[in-house]
Amino acid sequence: MSFNKEDLLVNIKRQAKRLSKLLTIPLGQAQEALAICLYGCDSYSDLLVKIKAESFDNPLIALSALSPNSEIFLVKILASHLDSIIGNFEKKFPGSNINEEMVVSLFGLSFSEFKLKIST
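Anyway, here's the lowdown on the structure attached to this text. Quick caveat: nothing in here was measured; it's all calculated off a predicted structure.

Within the structure shown, the criterion is met by 1 aromatic pair. Arranged with centres 6.0 Å apart and planes meeting at 25 degrees, the rings of Phe111 and Phe114 form a pair that is stacked. You can see Phe111 and its partner Phe114 sitting in helix α6 (residues 111–118), 3 residues apart, about one turn around the helix.

Turning our eyes to something else, we now look at the environment of Asp7. On the secondary structure map, Asp7 appears in helix α1 (residues 5–23). Using a relative accessible area of 36% as the deciding quantity, one classes Asp7 as partly exposed. Linking Asp7 and Ser64, residues 57 residues apart in sequence, is a C-alpha distance of 8.9 Å.

A separate point is helix α2 (residues 27–38). Since the α-helix turns once every 3.6 residues, residues separated by three or four places project in the same direction. End to end, α2 covers 15 Å across 12 residues, agreeing with the expected 16 Å (1.5 Å per residue, within 8%). Among all positions in α2, only Ala30, Gln31, Ala33, Leu34, Ala35, Cys37 and Leu38 are buried. Residues of α2 that are buried in the fold lie against α1, α3 (44–52) and α4 (72–92). Two residues or fewer after α2 comes Gly40, characterised by a positive phi angle close to 70 degrees.

Another aspect to go through is the pattern of salt bridges. For the structure on display, the rule yields 2 salt bridges. In this structure, Lys50 and Asp46 form a salt bridge, with 3.5 Å as the shortest nitrogen-oxygen distance. Here Lys50 pairs with Asp46, and both are found in helix α3, just 4 residues apart, close to one helical turn. A residue is classified by how much of its surface remains accessible, and Lys50, at 23% relative accessible area, is partly exposed. Between Lys117 and Glu113 there is a salt bridge, and its shortest N-O distance comes to 3.9 Å. Taken as a pair, Lys117 and Glu113 lie in helix α6 at a separation of 4 residues, close to a single helical turn. Glu113 gets classed as partly exposed once you look at its relative accessible area, which sits at 26%.

Procedures and definitions
- Residues numbered from 1 in each chain as written.
- Predicted model: local features only at pLDDT ≥ 70, side-chain atom pairs only at ≥ 80, totals over all residues.
- Heavy atoms only, no water.
- Phe/Tyr/Trp six-rings, centres within 6.5 Å; stacked < 30°, edge-to-face > 60°.
- Helix = DSSP H or I, 4+ residues; strand = E, 2+ residues; numbered from the N terminus.
- Buried < 20%, exposed > 50% of the residue type's maximum accessible area, 1.4 Å probe, protein only.
- Expected span 1.5 Å × (residues − 1).
- Contact = heavy atoms within 4.5 Å.
- Salt bridge = Lys/Arg side-chain N within 4 Å of Asp/Glu carboxyl O.

Right under this line is the structure:
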């Protein structure tokens, strides 16, 4: 796990690409959706500014460091916000049927791996 700004930006780009494929939407729309629905930011540019400024006043911004090799506390942050994240995506993409497994996949985690980590 790294909180290096460049690593976080790379993670955000990967997450947006995964979301774009998952919902079959343009990358730009996926970037905006990720920033608003997952990270609670006003826009993708707002998310980038917060990461570059290392502004982690919003605990969801820490999820930009979440990857398969992350510390358990990041997985637990995701788990504790999962319902609200799904709700945010449902508001933005009604009928998309986005679920826990889909959200978890944005971070490159398998759902079984995620469940195992949050149970410890």
